[in-house]
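Structural features, examined
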Amino acid sequence: MKLLKDFSKTLSSPVFKVLQEVIANSDAKGFVIGGFVRDHLLNRSQKKDIDIVALGSGIDLALAVQKKLPGAKGVQIFKTYGTAMVQWEDIDLEFVGARKESYSKESRNPEVKPGTLEDDQNRRDFTINALAISLNPEDYGTLIDPFNGLKDLEQGILRTPLDPDITYSDDPLRMMRAIRFATQLDFTIDSASFDAISRNAHRIDIITKERIVEELNKILMTPKPSKGFILMEKTGLLKRILPELIDLKGVEEIEGQKHKDNFYHTLEVVDNLCKNSNDLWLRWAALLHDIGKAPTKKFKPPVGWTFHNHEFVGAKMTYRLFKRLKMPLNEKMKFVQKMVFMSSRPIIIAEEQVTDSAIRRLVFDAGPFIDDLITLCEADITTKNPERFKRYHNNFKIVREKIIGVEEKDHLRNFQPPISGEVIMKCFNLKPSREIGLIKEAIKEAILEGEIPNEQKAAFEKMKTEGKKLGLIFHEKTI
Ligand code: CTP
């Protein structure tokens, strides 16, 4: 990997000029450290969080910097951690005193003691995150790299500065971070680290679900999340975090009939989807679309392997999984559930003769999410047979075209009944009753079947006919 080692432009920006001046006029020393340095070297888009390590009081430095940055917000001080934050424009500057840390076995909360810069670098997660740049007058702009982080960056390796068993056991979230960085940067986890993660995987249980999900989301937002999920599986983290996916692993054979390995299939679907959608929740839907297959799997001769109702079961599991991981139980969860529940519908349609009414029903049921659903189904095509691959994709092309046609005509995406219950009640002089539901349902069915267009006039006529069938008397004068 070619690294961008020239910091001069970055270090001459207004924020760094102020930092330089404040540090030069204080007793403290200061260094930029961590993700900002790493991302600069990798030429990744410039981070807006800048971490500054201070030898001396980080809080005093923060206060002095805040005074010199016009419009900077007041300093936020976190006394217990000895950290202070200054926000200026869209930049967050975080100041922290250099420290040695030791963590307790039961929680992530460290006991903090002051230390040297090297102590501070040493206690960080990876050598590539321990790189620091001096902001001090004697060597402004010099890279300080006691653990060969630069070499690891160049070679694409994630390695811990300390013995990895200590680094991961100190803060088990780092195991997820290792896998997340490996996926985001397409790096390799050093083998000693990989073994240590495997040994310490159980320690992930002390990490809050929210932090774990943050890492999962970052993995899902990479171009090829499968790399991260395979690493999680191999190290034993996945079975503690998402056992539902582990249950999809493996191929069974009975009477010469095999089913596919739904774990690897799922990962392929996720990777495929990522080429066409940046939506985190649709990516979650791809990850979970087959989870109902493990509990519903049965071998039924002569049909072979069946996963009856797996979409329904999968949608129920989605709710429980979101709840367990303390993910939002709001419309995002409902969206994922809906995608899981409907994930086979377009496939069935595409395989058969595509009728207009089938398309209408699909659009009606998927509502505003119809395009997402088709995108998910296209990603679900993982056949290695080129002829079939082409045919399935082509079928979906036809489905998409038909959806456009149906939409132009009938606007079913956000379906509102063209005749309300109130109108029906007035026309037939009815109190709230079963008949109203029956008439509304008959109108909807007629529209979906293509018997009548999705228009008020036609729906009104249909209402009259249905009322008559039910023996109701139509009151002309009421309208
Ligand atoms: N760090 C650590 N252990 C952690 C979290 C963070 O050692 N569990 C250190 C690393 O040096 C890291 C720095 O704190 O570079 C800042 O952490 P953070 O802002 O969470 O991550 P970044 O590395 O900046 O990267 P990203 O924003 O992609 O998470």
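First, a word on what this report is: a plain description of the structure on this page. (Residues numbered from 1 in each chain as written. Predicted model: local features only at pLDDT ≥ 70, side-chain atom pairs only at ≥ 80, totals over all residues. Heavy atoms only, no water.)

This part takes up the site of the ligand. If you check the shell around the ligand, you find 14 residues, and the closest are Arg-38, Lys-47, Asp-125, Asp-171 and Arg-180. In this structure, an oxygen atom belonging to the ligand sits 2.9 Å away from a side-chain N or O atom of Arg-180. The fraction of the free accessible surface of the ligand (560 Å²) that becomes covered by protein chains is 79%. With 4 residues, the single largest contributor to the shell around the ligand is helix H8 (residues 173-185). A breakdown of the residues in the shell around the ligand according to their chemical character gives 1 nonpolar, 3 polar and 10 charged. (Near = heavy atom within 4 Å. Polar contact = N/O pair within 3.5 Å; in protein donor to acceptor, adjacent residues only side chain to side chain. Areas by Shrake-Rupley, 256 points an atom, 1.4 Å probe, with all protein chains shown as cover. Helix = DSSP H or I, 4+ residues; strand = E, 2+ residues; numbered from the N terminus. Nonpolar A, V, L, I, M, F, W, Y, C, P; charged D, E, K, R; others polar.)

A separate point is the pairing of strand S5 (residues 91-97). For S5, the tally of buried residues reaches 5 of 7 residues, placing the bulk of the element in the interior. Two elements, strand S2 (residues 49-55) and S5, share 6 bridges in a ladder whose sense is parallel. When the sheet's bridge partners are listed, Asp-51 is paired in S5 with Glu-94. Pairing geometry for strand S4 (residues 83-88) and S5, over 6 bridges, is antiparallel. Across the sheet, the residue bridging to Thr-83 is Val-96, located in S5. Taking the residues that link successive antiparallel strands as the turn, the S4-S5 hairpin has 2 residues, and the phi of Glu-89 there is positive, at about 50 degrees. (Buried < 20%, exposed > 50% of the residue type's maximum accessible area, 1.4 Å probe, protein only. Pairing = 2+ DSSP bridges.)

Between Pro-301 and Pro-302 the backbone carries a cis peptide bond, its omega angle lying at 0 degrees. If you trace the backbone, Pro-302 turns up in the loop between strand S14 (297-300) and strand S15 (304-307). Despite not being glycine, Asp-186 shows a phi value in the positive range, around 55 degrees. Of note, Asp-186 is situated in the loop between H8 and strand S11 (188-189).

Its 13 residues place the ends of H8 18 Å apart at the C-alpha level, agreeing with the 18 Å of an ideal helix rising 1.5 Å per residue. H8 sits mainly inside the fold: 11 of its 13 residues count as buried. Residues of H8 that are buried include every one of Leu-173, Arg-174, Met-175, Met-176, Ala-178, Ile-179, Arg-180, Phe-181, Ala-182, Thr-183 and Leu-185, and no others. One or two residues past the end of H8 sits Asp-186, with phi positive at roughly 55 degrees. (Expected span 1.5 Å × (residues − 1).)

Moving on, we come to the nonpolar core. Across soluble globular proteins, nonpolar side chains have a tendency to be buried as a group. Core analysis: the largest hydrophobic core is formed by 132 residues, its most contacted members being Leu-93, Phe-229 and Trp-284. Contact partners of Leu-93, with chain neighbours within four places excluded, come to Val-15, Leu-19, Ile-50, Ile-52, Val-65, Leu-69, Ala-84, Met-85 and Val-86. Core analysis: the second largest hydrophobic core is formed by 7 residues, Phe-31, Val-96, Ala-98 and Leu-117 among them. (Core = buried A, V, L, I, M, F, W, Y, C linked by side-chain atoms within 4.5 Å. Contact = heavy atoms within 4.5 Å.)

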